[in-house]
Structures are given as C-alpha cells and as structure tokens.
Amino acid sequence: MAVSPVVTYEATSNIKVTADKAKSLAVRTNSISNQNEAPPEKKQGGQELAERLNHETKEKYVKDKKLGEGTYAIVYLGHLKADPSSKVAIKKIKVNTEYRDGLSMDAIREVKYLQELSHPNIIALHAVFSSKNQNLNLVLEFLPLGDLEMLIKDSEGIRYGTAEVKAWMGMLGRAVWFCHENFVLHRDIKPNNLLIAADGEVKLADFGLARSFSDPYRLMTYQVITRWYRPPELLYGARFYSGAVDVWSMGTVFAELILRVPFIAGNTDIHQLELICQAIGTPTEENWPGVSKLEGYVGYEKAATVPVRGKDVYLARFGTAGPVGVDLLMSMLALDPRKRSTARQILEHKWWTTDPRPTAKEDLPKKGGGLEKMGDDLKRRGGEVEDGRGDKVARKLNFGTMK
Amino acid sequence: MSKPTARNGAPQRRPGEEDDICPVCKSNRYLNPSMRFLINPECYHKMCESCVDRIFSQGPAPCPVAGCARTLRKQRFRKQTFEDLQIEREVDVRRRVAATFNRRESEFNTLLDYNNYLEEVETLTFNLLYNIDVATTEAKLAAYSKQNAADIANNKALSAQESASTEAQLAAQKEQARLRREAATNEEEEERREREEGRREIIDKIANSTEDPDKIAREGQKVVLKKSTARRNAADRLRAQDAASVDNASAPLFQIAGLKPITQPEPDKAYDPFGGYIIRPAYFTLQEQYEHPWLEKAKMDAQITAGGYDVGEYRARAMMEAFAGLGCFIEDEVAGRERAAGADVGTAAAAVAGGDGEGMGDDML
C-alpha cells in the first residue's frame, strides 16, 4: 500500500507552492493516469486498484545487482525495464524488528519528504513500490561519485580551493533553502549525506530524520543531527526549534570543507558542548537571551566563560574563505538560533558574488566513489553513522522520551 | 679570395667563405683564422666579429658599410643561417609576418575566405621583401597587430600548446619503444635460460633413471617447446595491447579536414545563488503581524523562543497550507482521460479545488 495513489493525491491536496512542485506532481499523476486506462472499478483477478498499481510500478524497474547492505536497507543498482541505459538505485528497506507492525519511521519520513521535494540539489525519488513481504522499495536517483566526506578526507589525493568550496556550499545552500521554503527540516546535514552526481552536482540525501516545521506547542525531539553537526540548542535539549538547526549544520560543514577535518568533533554530548564553548564562545544570557530556560542548560561560572569569538579568531582559522566568507560562516555559527542566518539570508549573502566565482559543477574535483560507495551511503538509516570515523557519535532516535 | 682550400684541404667551400675578407676592416682569414662573420637583420650587411665589437660596443652606431648608415645595435647581430643573404632576409620577414598574421583556417567561414586572407598576407610579405610601398605596408602590419592583439596572442598560445603536446607525444612514443626493446631482451634472456635449464633437467633424468634415454629426451623437448609456445603467445598478446595503446595515444594527432569553426563559449552568466528558483506565495501576502491569542504564548515563552522556534515560520506554513492546491489543475493534467466518477477521492477533491481557483491564473512563480 506504500505507493497507493491515494497517498499521492493526499499529498496533492495539502502541499504545494512552487510551480516546479506542481509540475513534478503532474508528472506523477500522469504516470499513474497512463496505467489507469482500464476502468478502475473493475478488479482484475481479484486485485485491488492499489495492488495493481503497485504491481505495475514494480514491473517498470529491474534490479541488477546488490550494491550494499546494512542493517536498515539493501541497495541495488537497477534500471527501467523500458530503457536499459537508464540507471537508478533501488533502496529496499528491510522489515524492521523494531517496527514489526508497520513501516519504520525513517522509511516513512524519507518517502514522505522526498516525494514532495523536487530540486536539482535534492536526491530524486522516482517511485516507490512494495515487493513481497511488504518490503518497501524506494527508486532513487543514481549518484555514482561518492559523497563530500570522501573528498574532504582525501587530503592527499584531492586539492581544492575557495572556488570549489563556494560551489559545494552553494549547492548545499540551495538544497537547504528549498527544504525550508517548503517547511521541511532535514535534521541530518553532514558531508556524507551530500552525494555527488555524475555531473558533479551535490545532492542532499537521507531524509530519514526529516520532518516538517512543527506546530506551536508541539514538542520535537532534540535527539537529531549527528553530534558533530548538532547545534547548541539541541545539545541543551530544546524541544522547540526551527530551520536554524540545519543552518548550524551547514556552518559546520562549511568549516569542515575549509579545514578538511571535522570542525567540532566531540566524543560525547557534553564534550561537544565544551568544544562549542571553546570554538565559538560560551552561551550566556547576554549573548543568547533565554538560553538558561532550556531544559539541558548548565550554568557556567563567570570565570570559566569564553567570550564569543571575534572575527579575528575566525580569520586566523578560515582565512582562505576571505573576509566575506568568514562573515557568512560566522552568521551560520551564531550561538543564538534567532540570530543565525536563515537559509534564504545565506543565499542572499554577498559572498556568492565576490571573487572567486564558484567553480562550474563539471570542473569540480571528483574521486569516483563508485557503486559500492553509493550503496554504503544509501543503506544507512536516518542518522546512522558508519563504523570507524566517529562510531562513538552514533545515536538513535528515542521516541520514548517524547511526551 | 687568396687560398680558399688552404684549410683542411677540402675541395668544396663552406658557405659564405668564398670571400673571407671582412668588408669593413679588410682583415682576412689568413690573418685571423678564428674570424666569424655576423649580420644584423636591419640591413644584412656582413662584417666580422671584431668589427662588431669595435664599432658597436659603445652603443648604437651607424652601419659602417658605405651608403647604408642605418643605426645598428650590437645586441641584434647574429650568425647567418643561409648562405644567400636574400634568403636569410626573406625568412626573417616571413617569420615576422607569420607571427602577426597567425589566423587559422578554422576561424574562417569558407575556404575561399581563408585563401583570400592568405593571398593578402602574401602580397604584404612580397611588398616587404621587394621594398614596394614599405611605409604603407608596415603601417598596415602595425595596425593589424594592434587591432587583433588578443586574437594573435590566443593563436600563439594555441600553437605553443600544440607543439608542446606533440613533443610530449613523441617523448611518450620513444619511452614506449624503449620499454618494448627492454621487454624483448628480457624475453630472449629468459628463453635462453629456460632452454638451458630444460637441457640440464633432461640430462639429470637420463643419469638418474632407468628409462629409455631417447624417450626422456623426446619428452623433455616437448615440454620445452610447449613452454616457449606459451611464452610466445603471451608476448604476442602483450605486443597487440601495446599496439592498441599506441594507436590510441597517437589518435589526436590525426587531423580531420573540414572541421567546423569552434564558436567561442558564451561568457558565463552571473552566479545565481538560488539556482534560478524563485519561491513566492502566489495567492497571498504574508503580513508581519497576525493577531491570534493562541500564538501569543509561543511568542513570549522563553522555553519556546530560546530554541529558535519562530512563530513567523508557522504562520507562513499555515497560510501556504490554506492556499495550497489552488494552482493545481488536475483537469488539465489528465486532459483526454475519461474521468471515472469517484474513482479516487484525491482527483475529485483536487478538481474541485481547481475549479475554485479558476481565473486566478496558474502561474505559480
């Protein structure tokens, strides 16, 4: 039932702002309408309409080979039956032991938001179908060139400069802006969720932790975003937050792109907070009114507080971005989420138009992560972290704590 | 010339040596065996090295040859390449003209245009060579090089690049040939060693076993042969591979005639951080303030605001959701399809919404 057209139409009736989205939906409705030639009331061989449509979607794609397998999903390389040269990734979500009676939360989030968001910098979800045993299959865009983390880590093999950083940040900025403009919080922005398409375009992936902006007084969980990229308000246990959490993550990704090591890499949540205090400044009532009201806020002694770092400190560390770039970085890493730039303000910043011009996407350095890397990236569940690099950062969504 | 064949007794004269007398100082090779003649491309008058040193060391001076009197500089004196000074001069002139008029055929629309251009250049060159209208010709040349400075520099860089890549290719080919040679010697060596080993083995076998020595010898021979065939096959395969790679490497050298002129790429458009997307609500304008008692607490409560929660975002979403679907005309999208009444709720609902939205325009951006 995962892909029953009713779900699609429900979506039609309550989202939508951009013509682009309208178009994407139009395509979807058309594709369904094509399959709908026969009068729908007539049941074929006892199958319900939803089942039949699901079957037809399933028949459109062929799985070629397995690219990777994780605890949460198996990723296959696939293609359209009608066009063997087309390539897609099919992510088959395993029946989860935790959610035996239904679909896992991550899968629902991923389908729900990817289905709505259609943008060149967001991974495209072509179709969804269920196979036997009610397994959910997501047909995703084929992105063979690995992720940004790979490029950042390969400091021996890959050299890049400000123009490249600007190009990548620009694409990330657009993706986040588009999500926020459509009232979706991504809540897991980090370099290895930024996949690279064959033409060098960066695409935001892994919407397993995404949700739409909250209604007033509706609590949200603070156990989201991989620790190194988690903003201070979440570390302080804020239950009400906004797109500013994604902007902080963008800021840390920006810093990581320049430094080529994770900017604030704490071992525990407390350690993470300590490092934030040192790198950016200690949150106090002066620089962040109301911060002491947050559930997890811990007071600091007057003597132990670190003043908010000035521009000179950033310039010394991130000088390659230039003074204008440092301004942008500082506005993304403001402690008080209300003072942080919004995604729109980031794209309106003058850094994008100052020299150097962002590199054209075709000329960006590539490493060619290959099929396996793509399989690895997609098989993760929302918020899951690979072993090795920061396996201590791994955390789980804990819905039990939500009231 | 007094003794043209005095030196090394060679019957033929070296170029430019038939009159080994410096026209300026009248010294000759007999007096000064190491005499070298130099010319200056200004007037192409020949004189010996010591004259050049003597006259031009103090800076520019007029040419000492009677009736010339052009100002010459020491720096520009050089050895002549061609025996005939006429040719020397022609080569210089042609080189100079070619450096300026370095247009390529690919820059012209038709071959006729290119040929006309070549003819014009040749007329110019001819004029310079035979001193016809020198002043106007020089002016033309100067004007052209001023007007087309950018193109000239461009083409110059292009040809420099081409010659560099050709050189690199040649070097690569040479390297490959060397590797092949090395491989061949190694192979030969190995073959010889193996043959010897085989022979030794056979002898050992004959010495240590009671079998018929002839049979052992025959079998041993067969083994050696088999080995060498296998090796030869492997070597053949390698050679074929090499040949293929050489073909690939030299492929770009092959020029296809009649290529279309390459159009200059359009200048890059200004970078748009938004990537061409504009998102603006089409059916409502968001106000700064909305009076709503329910929202007041969310605006004031520090627990809510300190985390960055923004009521404004909620208002924007609420408004968007209220007006969502107005721009969707499912009817248009499924035009031509027979609508099955009540087939699915969504279509019907959206169609109603579409009907309501009529007259509001369907442009969303």
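As the structure is a computational prediction, the values presented were derived from the model and not from experiment.

Draft legend 1. The arrangement of the overall build of chain A in detail. When its secondary structure is counted, chain A shows 13 helices and nine strands. Counting only residues that meet the buried cut, chain A has 60% of its 403 residues in that class. Per element, the accessible surface of chain A, about 16,100 Å² overall, is 52% carbon and sulfur.

Draft legend 2. Structural view of the nonpolar core. In this structure, A:Trp168, A:Met169, A:Phe207, A:Phe254, A:Leu257 and A:Ile280 are the most contacted members of the largest nonpolar core, which totals 108 residues. In terms of residues, this core owes the most to one element, helix α6 (residues 162-181) of chain A, which gives eleven residues. Among the nonpolar cores identified, the runner-up in size contains 15 residues, and B:Leu38, B:Met47, B:Phe56 and B:Phe77 belong to it.

Draft legend 3. Spatial organisation of the sheet that holds strand β3 (residues 88-93) of chain A. All names here are of chain A. Across the sheet, which stays open at both edges, the five strands sit in the order β1-β2-β3-β5-β4 with antiparallel pairing between neighbours. Looking at which strands have only one partner, the edges of the open sheet turn out to be β1 (61-69) and β4 (125-131). In this sheet, neighbouring strand axes are inclined to one another by 30° on average, regardless of whether the strands run parallel or antiparallel. Alignment of β4 against strand β5 (residues 135-141), held across six bridges, turns out to be antiparallel. In the strand pairing of β5, serine 130 is matched with leucine 136. Strands in contact with helix α3 (residues 49-60) are β1, β2 (73-80) and β4; relative to β4, the strand with the most contacts, it is inclined by about 115°. Taken strand by strand, helix α4 (residues 105-116) contacts β3, β4 and β5, and its axis lies near 40° from that of β5.

Draft legend 4. Broad picture of unusual backbone geometry. Note that the residue after A:Asp355, namely A:Pro356, is joined by a cis bond; omega there is -5°. At A:Ile225, a residue that is not glycine, the phi angle is positive and equals roughly 70°. In this structure, A:Ile225 sits in the loop between β9 (211-212) and α7 (232-235). You can call A:Ile225 buried: its relative accessible area is 0%. Phi angles above zero are rare outside glycine, and B:Asn131 is one such case at about 55°. Position of B:Asn131 relative to the elements: it lies in the loop between α3 (111-129) and α4 (134-147).

Draft legend 5. Quick peek at the UniProt feature "coiled-coil region" (unreviewed entry) in chain B. Per the UniProt annotation, the sites labelled "coiled-coil region" (unreviewed entry) are residues 167-201 of chain B. Secondary structure across residues 167-201 of chain B divides into 100% helix and 0% strand, with the first and last C-alpha atoms of the span separated by 51 Å.

Draft legend 6. Molecular detail of the pattern of salt bridges. All names here are of chain A. Enumeration over the complete set of coordinates arrives at 36 salt bridges over all chains. For the salt bridge of lysine 311 with aspartate 327, the shortest nitrogen-to-oxygen distance reads 3.2 Å. Of this pair, lysine 311 sits in helix α10 (residues 311-318) while aspartate 327 sits in helix α11 (residues 322-332), and the two are 16 residues apart along the sequence. Classification of lysine 311 by relative accessible area gives partly exposed; the value is 30%. Taking the relative accessible area as the measure of exposure, aspartate 327 reaches 30% and is therefore partly exposed. Ionic pairing is found between lysine 339 and aspartate 336, a salt bridge with its closest N-O pair at 3.9 Å.

Draft legend 7. Summary view of the UniProt feature "binding site: ATP" (unreviewed entry) in chain A. Residues and elements named next belong to chain A. If you check UniProt for "binding site: ATP" (unreviewed entry), the listed places come out as Leu67, Gly68, Glu69, Gly70, Thr71, Tyr72, Ala73, Ile74, Val75, Lys91 and Lys92 in our numbering. Taken along the chain, the residues just named run across 26 residues; in space they keep tight, none of their C-alpha pairs more than 13.9 Å apart. As for its position among the elements, valine 75 is in strand β2. Exposure remark for valine 75: the relative accessible area of 0% places this residue in the buried category.

Draft legend 8. A look at a nonpolar patch on the surface. All names here are of chain B. Nonpolar side chains collect at one region of the surface, where Phe126, Tyr130 and Ile132 lie side by side and expose about 300 Å² of accessible area between them. Topologically, phenylalanine 126 is positioned in helix α3. The exposure class assigned to phenylalanine 126 is partly exposed, which follows from its relative accessible area of 41%.

Draft legend 9. Quick look at helix α1 (residues 49-56) of chain B. Residue and element names in this part refer to chain B. Among all positions of α1, only Cys51, Val52 and Phe56 are buried. Looking straight down α1, one finds its buried side chains confined to an arc of 100°; they lie on one side. Against the buried residues of α1 lie β1 (37-38), β2 (47-48), β3 (61-62) and β4 (71-72).

Draft legend 10. Inspection of the side chain of A:Arg174 at higher detail. Considering the arrangement of structural elements, one finds A:Arg174 in helix α6. Buried charge without a salt bridge: A:Arg174, with A:Glu201 as the nearest opposite-charge side chain at an N-O distance of 4.6 Å. At 3.0 Å, the side chain of A:Arg174 and the backbone oxygen of B:Asp272 are in polar contact. When near neighbours in sequence (up to four residues on either side) are disregarded, A:Arg174 contacts A:His119, A:Asn121, A:Leu347, B:Tyr271, B:Asp272, B:Pro273, B:Phe274 and B:Gly275.

Draft legend 11. Focus on the side chain of A:Lys190. Residues and elements named next belong to chain A. Topologically, lysine 190 is positioned in the loop between β6 (184-185) and β7 (194-196). Of the side chains bearing the opposite charge, aspartate 188 lies closest to the buried lysine 190, which forms no salt bridge; the N-O distance is 4.1 Å. Side-chain polar atoms of lysine 190 contact the side chain of threonine 226, separated by 3.0 Å.

Draft legend 12. Examining the packing of aromatic side chains more closely. Residue and element names in this part refer to chain A. Throughout the structure, instances matching the rule amount to 23 aromatic pairs over all chains. With a centroid separation of 5.4 Å and an interplanar angle of 80°, the aromatic rings of phenylalanine 263 and phenylalanine 318 are classed as edge-to-face. A residue pair is termed long-range when its members are at least 10 positions apart, and phenylalanine 263 in the loop between α8 (244-259) and α9 (269-279) and phenylalanine 318 in helix α10 qualify at 55 residues. No difference in accessibility class separates phenylalanine 263 from phenylalanine 318, as the two residues are buried.

Conventions we followed
- Residues numbered from 1 in each chain as written.
- Chains lettered and ligands numbered in written order.
- Predicted model: local features only at pLDDT ≥ 70, side-chain atom pairs only at ≥ 80, totals over all residues.
- Heavy atoms only, no water.
- Helix = DSSP H or I, 4+ residues; strand = E, 2+ residues; numbered from the N terminus.
- Buried < 20%, exposed > 50% of the residue type's maximum accessible area, 1.4 Å probe, protein only.
- Areas by Shrake-Rupley, 256 points an atom, 1.4 Å probe, with all protein chains shown as cover.
- Core = buried A, V, L, I, M, F, W, Y, C linked by side-chain atoms within 4.5 Å.
- Pairing = 2+ DSSP bridges.
- Axes fitted to C-alpha atoms, helices over the stretch in contact; angles between N-to-C directions.
- Contact = heavy atoms within 4.5 Å.
- UniProt positions renumbered as here; feature names shortened; annotations may be inferred.
- Salt bridge = Lys/Arg side-chain N within 4 Å of Asp/Glu carboxyl O.
- Patch = residues over 30% accessible without salt bridge, like charges linked within 9 Å, V, L, I, M, F, W, Y side chains within 5 Å.
- Arc of directions from axis to C-beta.
- Lys, Arg positive; Asp, Glu negative; His and termini not counted.
- Polar contact = N/O pair within 3.5 Å; in protein donor to acceptor, adjacent residues only side chain to side chain.
- Phe/Tyr/Trp six-rings, centres within 6.5 Å; stacked < 30°, edge-to-face > 60°.

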